[in-house]
Amino acid sequence: DARVTQTPRHKVTEMGQEVTMRCQPILGHNTVFWYRQTMMQGLELLAYFRNRAPLDDSGMPKDRFSAEMPDATLATLKIQPSEPRDSAVYFCASGARVEQFFGPGTRLTVL
Amino acid sequence: DQQVKQNSPSLSVQEGRISILNCDYTNSMFDYFLWYKKYPAEGPTFLISISSIKDKNEDGRFTVFLNKSAKHLSLHIVPSQPGDSAVYFCAASVQGGSEKLVFGKGTKLTVNP
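What comes next is a walk through the structure.

What counts and how
- Residues numbered from 1 in each chain as written.
- Chains lettered and ligands numbered in written order.
- Predicted model: local features only at pLDDT ≥ 70, side-chain atom pairs only at ≥ 80, totals over all residues.
- Heavy atoms only, no water.
- Helix = DSSP H or I, 4+ residues; strand = E, 2+ residues; numbered from the N terminus.
- Rg over C-alpha atoms; globule rule 2.2 N^0.38 Å.
- Buried < 20%, exposed > 50% of the residue type's maximum accessible area, 1.4 Å probe, protein only.
- Contact = heavy atoms within 4.5 Å.
- Areas by Shrake-Rupley, 256 points an atom, 1.4 Å probe, with all protein chains shown as cover.
- Buried area = accessible area lost by both parts, 1.4 Å probe.
- Salt bridge = Lys/Arg side-chain N within 4 Å of Asp/Glu carboxyl O.
- Polar contact = N/O pair within 3.5 Å; in protein donor to acceptor, adjacent residues only side chain to side chain.
- Nonpolar A, V, L, I, M, F, W, Y, C, P; charged D, E, K, R; others polar.
- Core = buried A, V, L, I, M, F, W, Y, C linked by side-chain atoms within 4.5 Å.

Regarding the overall build of chain A
Part 1 of the reasoning: In terms of helices and strands, chain A carries zero helices and 11 strands.
Part 2 of the reasoning: Scanning chain A from its N terminus toward the C terminus, one meets helices and strands in the order β-β-β-β-β-β-β-β-β-β-β.
Part 3 of the reasoning: For 111 residues, the compact-globule estimate of 2.2 N^0.38 gives 13 Å, and chain A sits close to it at 13 Å.
Part 4 of the reasoning: Principal-axis analysis of the C-alpha atoms places the extent of chain A at approximately 35 × 30 × 25 Å.
Part 5 of the reasoning: Split into buried and exposed, the 111 residues of chain A put 46% on the buried side.
Part 6 of the reasoning: Counting contacts in chain A only where the partners sit at least 6 residues apart, residues at least 24 apart contribute 52% of the total.
Part 7 of the reasoning: With the model as given, the accessible surface of chain A reaches about 5,700 Å², and the carbon-plus-sulfur share is 50%.

Now the structure itself:
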């Protein structure tokens, strides 16, 4: 049963702390996406990779967010320093064509 | 500037009746459209899609209709079941087979027994 996994599922941290979210895409999928879901904006694309190379990170606040794929089985999204406005659910998704498969999300709360 | 709009934040229907969820788009370069369903505390899951060369695609109780001239698509669920209660997202991809999807803000469907 292939699925996208994300860790941690929940994270509560204080403003100014570093947060790292991890994603394991489905084996064989060559595109990986990071989304953020908020009540106001819905699902926003933050960044995506194809064959581990970053293709588009225009949705990401560059001063504090960074996304990487150290290898084909791991994608990371890092926020440093975190701020209360970063509180949201962060989803990772992977795909081989247009259809994307989502992980369960990381619910981040920054106090 | 929202390129994919779901103007109804919520919809409530009776079990057994038809649910119609609507989606409008502004970018004429979109050529592939998808619907995702999302339950609380889970990620969105793919439901059904349609290419711009078609105007209808059906899969069991779910049918998606596309009206390109109006830049409008809709998802019909017949008959609606309580298990269909979820948030439904409309998404579109730009011409050229890009994997990048643009999502609407979602419509929360409640099916009452």
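Don't stop here, the text continues.
Overview of the interface of chain A and chain B
By a frequent convention, interface size equals the accessible area lost on bringing the separate parts together.
Part 1 of the reasoning: Taken together, the contacts link 22 residues of chain A with 18 residues of chain B.
Part 2 of the reasoning: When residues of chain A are sorted by the area they lose upon contact with chain B, Leu43, Val98 and Phe102 of chain A head the list and together hold 33% of the total.
Part 3 of the reasoning: Linking chain A with chain B are one salt bridge, by the criterion used here.
Part 4 of the reasoning: For the salt bridge of Lys100 of chain B with Asp56 of chain A, the shortest nitrogen-to-oxygen distance reads 2.5 Å.
Part 5 of the reasoning: At the junction of chain A with chain B, the criterion picks out three residue pairs in polar contact (both at pLDDT 80 or more).
Part 6 of the reasoning: For the side of chain A that touches chain B, the secondary structure elements donating two or more residues are β4 (31–38) and β5 (42–50) of chain A.
Part 7 of the reasoning: For the side of chain A that touches chain B, the element with the most residues is β5 of chain A, which contributes five residues.
Part 8 of the reasoning: Each residue belonging to the side of chain A that touches chain B can be placed in one class, and the counts come to 10 nonpolar, seven polar and five charged.

Focus on unusual backbone geometry
Part 1 of the reasoning: Here the amide bond leading from Thr7 of chain A into Pro8 of chain A is cis, since omega sits at -10°, within 30 degrees of zero.
Part 2 of the reasoning: In this fold, Pro8 of chain A is placed in the loop between β1 (5–7) and β2 (10–13).
Part 3 of the reasoning: That bond from Val78 of chain B to Pro79 of chain B is cis: its omega, -15°, falls within 30 degrees of zero.
Part 4 of the reasoning: Mapped onto the elements of the fold, Pro79 of chain B is located in the loop between β8 (72–77) and β9 (86–94).
Part 5 of the reasoning: Even without being a glycine, Asn51 of chain A presents a positive backbone phi close to 50°.
Part 6 of the reasoning: Among the structural elements, Asn51 of chain A can be located in the loop between β5 and β6 (53–56).

Overview of the nonpolar core
Part 1 of the reasoning: Of all hydrophobic cores here, the largest spans 24 residues; its most connected members are Phe33, Trp35, Leu73, Leu75 and Tyr88 of chain B.
Part 2 of the reasoning: Only β3 (19–25), β4 (30–38), β5 (45–51), β7 (62–67), β8, β9 and β11 (107–112) of chain B provide two or more residues apiece to this core.
Part 3 of the reasoning: For this core, the element with the highest residue contribution is β9 of chain B, accounting for four residues.
Part 4 of the reasoning: Contacts of Leu75 of chain B, omitting those with residues within four sequence positions, involve Ser19, Ile20, Leu21, Trp35, Leu47, Ile48, Phe62, Thr63 and Tyr88 of chain B.
Part 5 of the reasoning: Judged by nonpolar contacts, the second largest core, of 22 residues, contains Trp34, Met60, Phe65 and Ala75 of chain A.

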